[in-house]
Amino acid sequence: MTKTINLTLKVWRQQSATIKGGFETYHASNISTDMSFLEMLDVVNEQLTLDCREPIAFDHDCREGICGQCGSVINGRPHGPEKGTTLCQLHMRHFNDGDTIAIEPFRAKAFKVLKDLVVDRSALDKIIQAGGYVSVNTGGTPDANAIPVPKEIAEKAMDAAACIGCGACVASCPNASAMLFVGAKVSQLALLPQGKPEAARRVTFMVQTMDELGFGNCSNERECEAECPKEISITNIARMNREFFKAGLFSSTR
Amino acid sequence: MHLDAKIPGGPLADKWDKHKFELKLINPANKRKFEVIVVGTGLAGGAAAASLAELGYNVKSFCIQDTPRRAHSIAAQGGINASKNYQNDGDSVWRLFYDTIKGGDFRAREGNVYRLAQVSGNIIDQCVAQGVPFAREYGGLLANRSFGGAQVSRTFYARGQTGQQLLLGAYSALSRQIAAGKVQMFSRREMMDLVLVNGQARGLVVRNLVTGEIERHGADAVVLCTGGYANAFFLSTNAMACNVTANYRAYQKGALFANPCFTQIHPTCIPVHGTYQSKLTLMSESLRNDGRVWVPQTVGDKRSPDQIPESDRDYFLERKYPSFGNLVPRDVASRNAKEQCDLGKGAGETGLAVYLDFRDAISRDGKDMIGQKYGNLFQMYEKITADNPYEKPMMIYPAVHYTMGGLWVDYNLMSTIPGLFVLGEANFSDHGANRLGASALMQGLADGYFVIPYTIGGYFAGTQLPKITTSQSEFTSAARTVSDRTQRLLSINGKRTVDDFHRELGGILWEYCGMARNDEGLTKARTLIQSLRSEFWENVKVPGVDMDLNQSLERAGRVADFLEFGELMVIDALARRESCGGHFNEGFQTEENEALRDDDNFCHVAAWEYAGEGKDPQFHKEPLVFENVKLTQRSYK
Ligand SMILES: Cc1cc2nc3c(=O)[nH]c(=O)nc-3n(C[C@H](O)[C@H](O)[C@H](O)COP(=O)(O)OP(=O)(O)OC[C@H]3O[C@@H](n4cnc5c(N)ncnc54)[C@H](O)[C@@H]3O)c2cc1C
Ligand code: SF4
Ligand code: FES
């Protein structure tokens with residue numbers, strides 16, 4: 001049933017990457033419990049605008065949990081309290097009347113805050129550029145059914161490929177490691193026959209780039225898996241480690 | 001103006017091969033001398049940028065989001081068509097071509113659509129080679145499902161995340177070219193103007209969405225892959241940043257806009273539930289494979305659905321269209337849902353919903369099987385509505401979803417501005433008056449992977465392109481216009497927010513230019529939009545400054561363009577004196593309330609030319625010639 005609640009928000013405001021930020025308090029009144037979290041922020045922003053104050057900047061686009069553009073830390077948890085849910089898909093029915101909610105940007109050495117809740121996650125693109133692809137040009141590919149893939153393998157690859165590149169794993173990790181994100185891409189392509197020829201180069205370069213960009217190491221805290229909105233499994237990290245080890249042993253890439 | 005579609009002569013099946021042979025080639029070493037700007041990194045733009053770079057062109061790629069991987073294409077759920085005939089159920093290039101032409105209510109070009117069907121198989125090959133994890137059978141081969149408007153199983157899918165997986169495939173190819181230095185990527189940039197030099201498209205003025213800086217970029221050709229304009233309606237299934245700005249700027253610079261009134265209302269979306277709502281969520285059409293659509297037999301039956309026995313239910317699609325049943329095309333399904341709700345049979349608190357019921361499918365195939373096919377969609381539905389579709393039928397209602405109209409392009413995908421190419425949803429070319437499910441992904445990738453790499457070479461080989469610099473007057477004056485407009489928006493300092501105006505515009509378009517239209521409503525809508533537009537420029541409040549990350553300013557610019565473009569949609573709808581596909585004018589219908597085309601007078605593309613501020617656009621017509629299919633009244637009975 002629809003009802004309305006009143007909330008106190010403590011929101012991180014930061015004018016730009018170089019200016020120091022801090023929390024500010026806002027009241028969100030008459031929030032319908034059917035609203036999404038971002039719709040609640042819309043309501044707050046409309047009011048701020050009418051009050052001649054600057055609205056809160058936050059990233060979002062699809063609002064369907066698939067583009068990976070949204071994401072903030074809600075009461076200490078990336079994407080908020082609901083398991084397997086992006087911030088845009090978090091609904092206000094999971095909050096209670098009178099709650100105080102702290103909202104901060106994803107924080108990591110490799111993610112610079114650009115403004116308020118908006119961060120720069122381009123480091124994740126750079127990791128993909130280092131090898132997160134199969135080197136095929138357009139055209140000249142064999143018939144799709146010429147490459148059979150066992151259903152079970154295809155399903156596992158799809159599980160890994162479901163990563164939306166949101167960076168919550170990085171934000172949740174005490175070491176700000178990107179291992180879950182990288183592990184997901186490495187796994188997807190290492191599982192599939194199409195990805196095998198370049199498997200060793202791929203994992204080597206992607207891991208190297210991840211290190212260079214200032215992401216931390218994995219110390220098995222498993223926070224990433226707990227916070228990942230797509231529930232990407234840490235078995236992907238284990239698979240990546242195996243791939244990395246194999247690459248070191250057998251390949252001439254290093 | 002004479003609109004020459006440049007469709008090659010000869011038999012339909014040979015046109016594309018013949019054309020490819022006749023297009024002049026650029027020698028590999030010379031390709032690196034050309035620079036191409038690609039705006040947009042969805043399926044069309046991502047595929048185009050990667051493929052052009054692979055050929056050796058120097059590409060500059062632009063997108064609004066923080067990374068190219070987040071383009072709106074990512075949200076496509078259900079699948080992509082290809083006439084592989086892997087199921088041995090009688091599919092062929094010809095059948096896919098025919099279904100698409102018929103699905104579009106005979107308002108698309110034969111030549112373009114046939115080419116689309118021809119390359120559809122290559123797309124699947126390409127994506128599989130990239131490592132796209134399509135659904136498979138136990139034997140390891142690819143699985144298929146059916147989609148609306150077809151009686152064969154030709155849709156390839158990756159769970160309910162087909163768009164995501166296809167886009168990540170294109171993004172991976174693009175990333176490879178970025179690493180190779182062949183593509184320069186400009187994320188968080190919005191195209192604010194198109195720059196013409198000597199009448200040719202030679203560059204852009206863009207706004208850096210982080211710093212607010214106005215940047216200039218020159219090139220030898222510009223490829224717009226900027227998606228559709230469904231967000232004119234405020235509430236749609238499109239991502240929040242989808243806009244018409246890039247297309248509208250091109251239109252103002254002389255590119256014709258074709259069939260703007262052809263918009264698609266998708267039948268299966270989660271119904272509206274509050275005024276605060278910011279967007280609508282699609283429930284993939286694939287659900288209609290197993291879900292049955294119904295309403296209560298009697299008006300005002302407000303029992304909960306599990307209390308309504310079989311005999312008191314009306315499976316209206318199955319009843320009215322026995323051969324296609326729940327799989328009728330979208331326009332037909334949407335209109336019928338509206339009709340039932342207008343009769344007072346709608347479900348839920350608002351009465352603006354129909355049921356989509358999986359009860360029978362679950363008892364036939366088991367919960368596991370249904371979960372495998374639709375699990376993530378069910379989960380999404382439950383997150384939003386807090387109802388569990390395994391136990392309770394979904395409630396759905398039509399919502400604006402896709403736009404068939406777009407910039408006019410010829411067979412080479414070039415607009416009426418030389419050197420300006422338009423791909424994907426941004427052009428008008430392949431879907432006529434109604435798009436069949438799973439064919440937008442196909443078209444975006446066909447345009448990007450398999451058409452533009454050939455046709456752009458033909459353009460370069462046959463065109464004189466003088467050297468330019470971005471400091472020349474054309475760029476300077478475009479940049480000044482952009483800054484002036486920004487300043488103007490910031491200085492109004494009125495009393496209503498941007499979203500407030502947008503919501504009102506959306507309401508007008510939905511009411512009068514939505515699922516059913518009539519002359520009176522359309523005429524009224526025109527006046528309403530005009531006065532809303534003038535109020536906007538006097539009373540909008542845009543906080544913040546220009547040299548900053550300013551999301552209100554971004555939205556204000558987009559809404560300002562929707563306020564102009566909305567009127568063009570209405571003008572086009574008024575001018576088309578027939579009903580066809582997504583354009584249903586109540587004045588033109590059969591006795592059975594189906595769309596009534598007028599092939600004698602309206603078998604054409606309506607292409608509009610900008611005539612200046614405050615002036616009515618000028619109408620141009622491209623007659624559609626059907627040499628291979630016979631125009632029939634579309635029937636799905
Ligand atoms: C919810 C949903 C589900 C769908 N499911 C299916 C399906 O199952 N099958 C199917 O075939 N189709 C489906 N569609 C339709 C299909 O997804 C789209 O038509 C298609 O993805 C459009 O691709 P595109 O490349 O043309 O544009 P988009 O993916 O919309 O990309 C547009 C790009 O242009 C950029 N851009 C836009 N304006 C500017 C500007 N001014 N400056 C700079 N950059 C700009 C954006 O940043 C983006 O990168 C679905 C659509 C929706 C909304
Ligand atoms: S692994 Fe999960 S948390 Fe990390 S980027 Fe991917 S989807 Fe986000
Ligand atoms: S806005 Fe796209 S995942 Fe949240």
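Residues numbered from 1 in each chain as written. Chains lettered and ligands numbered in written order. Predicted model: local features only at pLDDT ≥ 70, side-chain atom pairs only at ≥ 80, totals over all residues. Heavy atoms only, no water.

Peer 1: Could you clarify how one ought to interpret the overall build of chain B in this entry?
Peer 2: A tally of helices and strands in chain B yields 17 helices and 21 strands. Computed over C-alpha atoms, the radius of gyration of chain B comes to 24 Å, within 12% of the 26 Å expected from 2.2 N^0.38 for 637 residues, which places it in the range of a compact globule. Once the C-alpha set of chain B is aligned to its principal axes, its extents read approximately 75 × 60 × 50 Å. Here chain B, with 637 residues, has 68% of them falling under the buried criterion. A fraction of 74% describes how many contacts in chain B between residues 6 or more apart in sequence connect residues 24 or more apart. Carbon and sulfur atoms form 49% of the exposed surface of chain B, whose accessible area is close to 20900 Å². (Helix = DSSP H or I, 4+ residues; strand = E, 2+ residues; numbered from the N terminus. Rg over C-alpha atoms; globule rule 2.2 N^0.38 Å. Buried < 20%, exposed > 50% of the residue type's maximum accessible area, 1.4 Å probe, protein only. Contact = heavy atoms within 4.5 Å. Areas by Shrake-Rupley, 256 points an atom, 1.4 Å probe, with all protein chains shown as cover.)

Peer 1: I tried to follow the overall build of chain A on my own but got confused; where do I start?
Peer 2: The number of helices and strands found in chain A is eight helices and seven strands. With the C-alpha coordinates aligned to their principal axes, the bounding extent of chain A is approximately 60 × 40 × 35 Å. The 254 residues of chain A split such that 61% are buried. Residue pairs at least 24 apart in sequence account for 70% of intrachain contacts in chain A once pairs closer than 6 positions are excluded. Here chain A contributes 27 positively and 30 negatively charged side chains, and the mean placements of these two sets differ by 6 Å. (Lys, Arg positive; Asp, Glu negative; His and termini not counted. Charge placed at Lys NZ, Arg CZ, Asp CG, Glu CD.)

Peer 1: I keep staring at the packing of aromatic side chains and nothing clicks. Help me out?
Peer 2: Note on aromatic pairs: each is described by the distance of the centres and the angle between the planes. On inspection of all chains with the given rule, the structure shows 35 aromatic pairs over all chains. For the ring pair Phe-37 of chain A and Phe-95 of chain A, a centre distance of 5.8 Å and an interplane angle of 50° mean the geometry is tilted. Taken together, the residues Phe-37 of chain A in helix H1 (residues 37-50) and Phe-95 of chain A in the loop between strand E4 (77-78) and strand E5 (100-104) connect sequence positions 58 residues apart. Judged by its relative accessible area of 0%, Phe-37 of chain A falls in the buried class. Between Trp-16 of chain B and Tyr-411 of chain B, the aromatic rings sit 6.0 Å apart at their centres with planes inclined by 75°, giving edge-to-face as the arrangement. (Phe/Tyr/Trp six-rings, centres within 6.5 Å; stacked < 30°, edge-to-face > 60°.)

Peer 1: Is there a simple way to think about the site of ligand 2 in this case?
Peer 2: Residues and elements named next belong to chain A. Around ligand 2 lies a shell formed by Cys-163, Ile-164, Gly-165, Cys-166, Gly-167, Ala-168, Cys-169, Leu-180, Phe-181, Cys-228, Pro-229 and Ile-232. Looking at the shell around ligand 2, the elements with two or more residues in it are helix H4 (168-172) and helix H5 (179-191). The class makeup of the residues in the shell around ligand 2 is ten nonpolar, two polar and no charged. (Near = heavy atom within 4 Å. Nonpolar A, V, L, I, M, F, W, Y, C, P; charged D, E, K, R; others polar.)

Peer 1: Would you mind going over the nonpolar core with me for this structure?
Peer 2: Across soluble globular proteins, nonpolar side chains have a tendency to be buried as a group. Phe-215 of chain A together with Ile-80, Phe-134, Ile-456 and Phe-460 of chain B are the most contacted members of the largest nonpolar core, which has 225 residues in total. Ignoring sequence-local partners within four residues, the contact set of Ile-456 of chain B consists of Val-36, Leu-52, Tyr-57, Ala-221, Val-223 and Phe-421 of chain B. Residues Ala-28, Ile-74, Leu-87 and Phe-95 of chain A belong to the second largest nonpolar core, which totals 28 residues. (Core = buried A, V, L, I, M, F, W, Y, C linked by side-chain atoms within 4.5 Å.)

Peer 1: I'm lost on the state of the cysteines in this one. Help?
Peer 2: Any covalent bond linking the sulfur atoms of two cysteines counts as a disulfide. Taken as a whole and judged by the stated rule, the model has zero disulfides over all chains. No disulfide involves Cys-63 of chain B; its sulfur sits 12 Å from the nearest other cysteine sulfur, which is in Cys-67 of chain A. Under the relative-accessibility criterion, Cys-63 of chain B is labelled buried at 4%. (Disulfide = S-S within 2.5 Å.)

Peer 1: What exactly am I supposed to notice about the domain arrangement of chain A here?
Peer 2: You'll often see interface size given as the accessible area lost when the parts meet. Residues and elements named next belong to chain A. According to the domain assignment, chain A consists of domain 1 (4-112) and domain 2 (122-138 + 146-250). For domain 1 versus domain 2, the distance between C-alpha centres works out to 29 Å. Listed as interface residues are 19 residues of domain 1 and, on the opposing side, 20 residues of domain 2. In total, about 1400 Å² of surface goes out of reach between domain 1 and domain 2, with carbon and sulfur atoms giving 60% of it. Among the residues domain 1 hides against domain 2, the three largest losses belong to Pro-78, Ala-110 and Phe-111. Together they make up 31% of the total. At the boundary of domain 1 and domain 2, one finds two salt bridges. Notably, a salt bridge pairs Lys-83 with Glu-231, separated by 3.3 Å at the nearest N-O pair. (Domains from an automatic or database assignment. Buried area = accessible area lost by both parts, 1.4 Å probe. Salt bridge = Lys/Arg side-chain N within 4 Å of Asp/Glu carboxyl O.)

Peer 1: Where do I start with the interface of chain A and chain B in this structure?
Peer 2: In this complex, chain A contributes 75 residues to the contact, which on the side of chain B involves 77 residues. Of the roughly 6300 Å² buried between chain A and chain B on both sides combined, carbon and sulfur atoms contribute 50%. Seen at the junction of chain A and chain B, the total is seven salt bridges. One salt bridge connects Arg-159 of chain B with Glu-155 of chain A, and the closest N-O pair in it is separated by 2.7 Å. Scanning the region where chain A abuts chain B turns up 47 residue pairs in polar contact (both at pLDDT 80 or more). Looking at the side of chain A that touches chain B, the elements that each hand over two or more residues are H1, strand E6 (112-115), strand E7 (118-120), helix H2 (122-129), helix H3 (151-161) and H5 of chain A. Across the side of chain A that touches chain B, the residue classes break down as 35 nonpolar, 21 polar and 19 charged. (Polar contact = N/O pair within 3.5 Å; in protein donor to acceptor, adjacent residues only side chain to side chain.)

Peer 1: Could you clarify how one ought to interpret the sheet that holds strand E9 (residues 221-224) of chain B in this entry?
Peer 2: Consider a sheet: its strands pair through backbone hydrogen bonds, and that pairing is either parallel or antiparallel. Residues and elements named next belong to chain B. Spatially, five strands are ordered E5-E2-E1-E9-E17 in an open sheet, and the strand pairing comes out parallel. Lying at the two open borders of the sheet, with one neighbouring strand each, are strand E5 (183-186) and strand E17 (420-422). When the angles between neighbouring strand axes are averaged without regard to direction, this sheet yields 20°. Pairing of strand E2 (residues 58-62) with E5, which is carried by four bridges, proceeds in the parallel orientation. (Pairing = 2+ DSSP bridges. Axes fitted to C-alpha atoms, helices over the stretch in contact; angles between N-to-C directions.)

Peer 1: Explain the site of ligand 1 here, please?
Peer 2: Residue and element names in this part refer to chain B. Neighbouring residues of ligand 1: 38 residues in total, closest Gln-65, Ser-73, Met-191, Glu-425 and Leu-441. For ligand 1, an oxygen atom lies 2.9 Å from a polar atom in the backbone of Thr-41. For ligand 1, an oxygen atom lies 2.5 Å from a polar atom in the side chain of Ser-73. In the complex, 98% of the free accessible area of ligand 1, which totals 1000 Å², lies under the protein chains. Mapped by element, the contributors of at least two residues to the shell around ligand 1 are helix H3 (43-55), strand E6 (189-197), strand E15 (394-403) and helix H12 (440-461). Take the shell around ligand 1: its biggest share by element is three residues, from E6. Residue composition of the shell around ligand 1, by class: 16 nonpolar, 17 polar and five charged.

Peer 1: So what exactly am I meant to see when it comes to the environment of Met-240 of chain A here?
Peer 2: All names here are of chain A. Structurally, Met-240 can be placed in helix H8 (residues 235-250). Sequence separation between Met-240 and Thr-204 is 36 residues, and the spatial gap between their C-alpha atoms is 9.9 Å. For Met-240, the residues in contact, after removing those within four places along its chain, are Met-179, Val-182, Gly-183, Val-186, Val-203 and Val-207.

Peer 1: Honestly, the pattern of salt bridges in this entry has me stumped. Any pointers?
Peer 2: Two side chains bearing opposite charge may form a pair once their charged atoms approach each other closely. Residues and elements named next belong to chain B. Scanning the entire structure with this criterion turns up 67 salt bridges over all chains. Salt-bridge contacts for Arg-496 lead to Glu-504; the nearest nitrogen and oxygen are separated by 2.7 Å. Its salt-bridge partner being Asp-599, residue Arg-597 comes within 2.9 Å of it at the nearest N-O pair. Accessibility expressed as a relative area gives 26% for Asp-599, which makes it partly exposed. Where salt bridges share partners, they join Asp-105, Arg-107, Asp-331, Arg-576, Glu-578, Arg-597, Asp-599 and Arg-634 into one cluster.

Peer 1: Sorry, what's going on with the domain arrangement of chain B here?
Peer 2: Residues and elements named next belong to chain B. In terms of domain boundaries, chain B breaks down into domain 1 (267-400) and domain 2 (473-606). With centres defined by C-alpha atoms, the gap from domain 1 to domain 2 works out at 30 Å. Taken together, the eleven residues of domain 1 in the interface contact ten residues of domain 2. Connecting domain 1 to domain 2 are zero salt bridges. Counting across the interface, domain 1 meets domain 2 through three residue pairs in polar contact (both at pLDDT 80 or more). Sorting the residues of the side of domain 1 that touches domain 2 by element identifies helix H9 (330-342) and E15 as the ones contributing at least two each. Here the side of domain 1 that touches domain 2 gets five residues from one element, more than from any other, and that element is H9. Residue composition of the side of domain 1 that touches domain 2, grouped by class: five nonpolar, two polar and four charged.

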